[in-house]
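Observations on chain architecture
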Number of protein chains: 2
Amino acid sequence: MDGSVVWKEEMLFDGLGKSGFVVPLDANPSKEKTNSGPSPMELVALSLAACTAMDVISILQKKREKVSAFEVKIHADRTAEYPKVFTHAALEYIFSGQALSEDAIVRSIELSVEKYCPVYTMLAQVFPIDLRYTIFEIEDSGAPRVVAQGTYTPHGLE
Amino acid sequence: MDGSVVWKEEMLFDGLGKSGFVVPLDANPSKEKTNSGPSPMELVALSLAACTAMDVISILQKKREKVSAFEVKIHADRTAEYPKVFTHAALEYIFSGQALSEDAIVRSIELSVEKYCPVYTMLAQVFPIDLRYTIFEIEDSGAPRVVAQGTYTPHGLE
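One structure accompanies this document, and this report is about it. Sequence order as written defines the numbering, with residues in each chain counted from 1. Chain labels run from A onward and ligand labels from 1 onward, assigned in the order the entries are written. Only residues with pLDDT of at least 70 are given local features in this predicted model, and only at 80 or more are side-chain atom pairs given and counted; all residues enter the totals for whole chains, interfaces and linings. Hydrogens and water are ignored here; the side-chain numbers use all heavy atoms of the structure.

Quick look at the packing of aromatic side chains
Stated precisely, the cut-off is as follows: Between 30 and 60 degrees the pair is tilted, below 30 it is stacked and above 60 it is edge-to-face, where a pair is any two Phe, Tyr or Trp rings, Trp via its six-membered ring, whose centres lie within 6.5 Å. Counting from the N terminus, the helices are DSSP H or I runs at least four residues long and the strands are E runs at least two residues long. Exposed residues in this analysis have more than 50% of their type's maximum accessible area, buried residues have under 20%, and partly exposed residues fall in between, with area computed by a 1.4 Å probe over protein chains only. Two conditions define a charge sitting above a ring: the NZ of Lys or the CZ of Arg must be within 6 Å of the ring centre, and it must be within 35 degrees of the ring normal.
For the structure shown, the criterion picks out eight aromatic pairs over all chains. Aromatic pair Phe70 of chain A and Phe13 of chain B: ring centres 6.0 Å apart, planes at 80 degrees, arrangement edge-to-face. In this pair, Phe70 of chain A sits in strand E4 (residues 67-78) while Phe13 of chain B sits in strand E2 (residues 12-16), so the two residues belong to two different chains. Seen in terms of ring centroids, Tyr116 of chain A and Tyr82 of chain B are 4.8 Å apart; in terms of plane orientation they differ by 90 degrees. Their pairing is edge-to-face. Placement of Tyr116 of chain A in helix H2 (residues 102-116) and of Tyr82 of chain B in the loop between strand E4 (67-78) and strand E5 (86-97) is noted, with the two residues assigned to different chains. With relative accessibility at 48%, the residue Tyr82 of chain B sits in the partly exposed group. Three or more aromatic residues joined by ring pairs make a cluster, and in this case those are Phe13 of chain A together with Phe70 and Phe95 of chain B. The aromatic ring of Tyr82 of chain B is capped on one face by Lys84 of chain B, whose charged end is 4.6 Å from the ring centroid.

Following this line, the structure appears as structure tokens:
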């Protein structure tokens, strides 16, 4: 994999990787500035969430689970002192759908973090990552109702 | 730090972090698709390059070095087998300017990787990262000429 980041101005860089998409990166992101972008650490956190999210939705689609909405939230703590690394992260997988199988969901998270997700596998060597999930049943009225919540602890970390 | 990735369709997610920028992420990026974005591992590689690049340009600007162009290239190798983690990366810092100080440049790289850059600090615990630099002098004609090349080996890794 090859890529580059090219300095534009101040702390703004354009990132270009093999996908061909230009990714702006900025040390001090601000939507108010004309040119700005997310910070590197923000992108690392989003990459972690997206990496495992892609595995999970891919597995659930293969199992024909009826997922109507899916989101992975991430909370990450950093040291106050430089280099301000992440010290802990929590991922929350939030599913909405009809008669979703909790077993299938837990298995999809297991396969992602134990086998498929490279970002998780790398970062879990550096700081602890908690995993939890919430499953909403979408009622006929359209209202969501929590039907299951739980945590997943990778075998490798026990 | 808080963020989330929201499933849009197929393997496409929208990432939203504290900067407020929406970052598209896709398992199988394609500029030909209407909706697509870079992959998580691509973003991790770009975040690594951008993180240290921001430190370096910030330090060189404080030292009033006359950098006219600056780019950090990254090459990363991955395992063929899942989870396809990075096994090695090489960063190349490429500077263009007038009478740039090689000492100042080496010191800026040192400060970034030894002290400031969180993405480097985290990922260097997972796989080896080689660091090298190339300095171009921009002639009066505008033509670039290589005036220095070298490598930097962090003390912590020796």
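From this point, things continue past the structure.
Observations concerning the side chain of Thr134 of chain A
Residues and elements named next belong to chain A. Spelled out, the test is: Polar contact is defined as a pair of N or O atoms within 3.5 Å, subject to the rule that within protein one atom must be able to donate a hydrogen and the other to accept it, and that residues adjacent in sequence are counted only when both atoms are side-chain atoms. Contacts between residues were defined by any pair of non-hydrogen atoms, one from each residue, lying within 4.5 Å.
With respect to the secondary-structure elements, Thr134 resides in strand E6 (residues 129-138). At 3.0 Å, the side chain of Thr134 and the side chain of Glu92 are in polar contact. Ignoring sequence-local partners within four residues, the contact set of Thr134 consists of Glu92, Tyr93, Ile94, Phe95, Val146, Ala148 and Gln149.

Brief notes about the sheet that holds strand E3 (residues 22-26) of chain B
What counts is decided by this rule: Pairing between two strands requires that DSSP report at least two bridges joining them. For helices, the fitted axis covers only the stretch in contact; all axes are lines through C-alpha atoms, and the angles between them, taken along N-to-C directions, range from 0 to 180 degrees.
Reading across from one edge, E7(A)-E6(A)-E5(A)-E4(A)-E1(B)-E2(B)-E3(B) is the order of the seven strands in this open sheet, with mixed pairing throughout. The open sheet has two free edges, formed respectively by strand E7 (144-152) of chain A together with E3 of chain B, since each of these has just one partner strand. Across the sheet, the mean angle from the axis of one strand to that of its neighbour is 20 degrees, orientation sign disregarded. Across five bridges, strand E1 (residues 2-9) of chain B lies against E2 of chain B in antiparallel orientation.

With respect to the relation of the copies chain B and chain A
Keep this limit in mind: Least squares is the method for superposing the copies, and the C-alpha atoms it fits come from residues with pLDDT of at least 70 in both.
It takes a turn of 180 degrees to lay chain B on chain A, together with a shift of 0.0 Å along the axis; the resulting RMSD is 0.0 Å. Here the symmetry operator amounts to a two-fold rotation axis. Closest approach to the rotation axis within chain B is made by the C-alpha atom of Val44 of chain B, at a distance of 2.8 Å.

What to know about the sheet that holds strand E2 (residues 12-16) of chain A
Within the open sheet, the seven strands sit side by side as E3(A)-E2(A)-E1(A)-E4(B)-E5(B)-E6(B)-E7(B). Their pairing is mixed. The open sheet has two edge strands with one neighbour each: strand E3 (22-26) of chain A together with strand E7 (144-152) of chain B. Within this sheet the neighbouring strands show an average axis-to-axis angle of 20 degrees, counted without direction. As defined by bridge partners, E2 of chain A adjoins E3 of chain A across five bridges and the pair is classed as antiparallel. Looking at E3 of chain A, one finds that Leu12 of chain A is bridged to Asp26 of chain A. Each of E5, strand E6 (129-138) and E7 of chain B touches helix H2 (residues 102-116) of chain B; the most contacted strand, E6 of chain B, lies at about 150 degrees to it.

Some remarks on the interface of chain B and chain A
As a reminder of what qualifies: The working definition used for a salt bridge is a side-chain nitrogen of Lys or Arg within 4 Å of a carboxyl oxygen of Asp or Glu. All residues other than Ala, Val, Leu, Ile, Met, Phe, Trp, Tyr, Cys, Pro, Asp, Glu, Lys and Arg, Gly among them, are scored as polar; the first ten of these are nonpolar and the last four charged.
At the junction of the two partners, chain B supplies 70 residues and chain A supplies 70 residues. At the junction of chain B with chain A, the criterion picks out zero salt bridges. Where chain B packs against chain A, one counts 18 residue pairs in polar contact (both at pLDDT 80 or more). Taken together, the elements giving at least two residues each to the side of chain B that touches chain A come down to E1, E2, E3, helix H1 (40-62), E4, H2 and helix H3 (118-123) of chain B. For the side of chain B that touches chain A, the element with the most residues is H1 of chain B, which contributes 16 residues. Residue classes in the side of chain B that touches chain A are distributed as 43 nonpolar, 16 polar and eleven charged. Two strands pair when backbone bridges link them, and strand E1 (residues 2-9) of chain A and E4 of chain B are joined in this way by five bridges, in the antiparallel orientation.

Overview of the environment of Gly15 of chain A
Mapping Gly15 of chain A onto the fold places it in strand E2. The buried category is assigned to Gly15 of chain A, whose relative accessible area is 0%. A C-alpha to C-alpha distance of 7.3 Å links Gly15 of chain A and Gly3 of chain A, two positions twelve residues apart in sequence. For Gly15 of chain A, the contacting residues outside a window of four places in its chain are Ser4, Val5, Phe21, Val22, Val23 and Leu25 of chain A together with Leu46 of chain B.

Some remarks on the nonpolar core
Note on soluble globular proteins: their nonpolar side chains tend to be buried together. Here is the rule: Throughout, nonpolar core names a set of buried Ala, Val, Leu, Ile, Met, Phe, Trp, Tyr and Cys residues whose side chains join them through atoms within 4.5 Å.
In terms of nonpolar packing, the biggest core is built from 101 residues, with Phe70, Tyr93, Phe95 and Ile129 of chain A together with Phe70, Tyr93 and Phe95 of chain B touching the most fellow members. Discounting residues that sit within four places of it in the chain, Phe95 of chain B has contacts with Val56, Leu60, Ala69, Phe70, Leu100, Ile105, Tyr133, Thr134, Ile135 and Phe136 of chain B.

Quick word on the pairing of E7 of chain B
Residue and element names in this part refer to chain B. Bridging between E6 and E7 involves eight bridges; their strand directions are antiparallel. The residue of E7 that forms the bridge with Thr134 is Gln149. In textbook terms, the turn of a hairpin is the stretch between consecutive antiparallel strands, and for E6 and E7 this stretch comprises five residues, one of which, Gly142, has a positive phi near 95 degrees.

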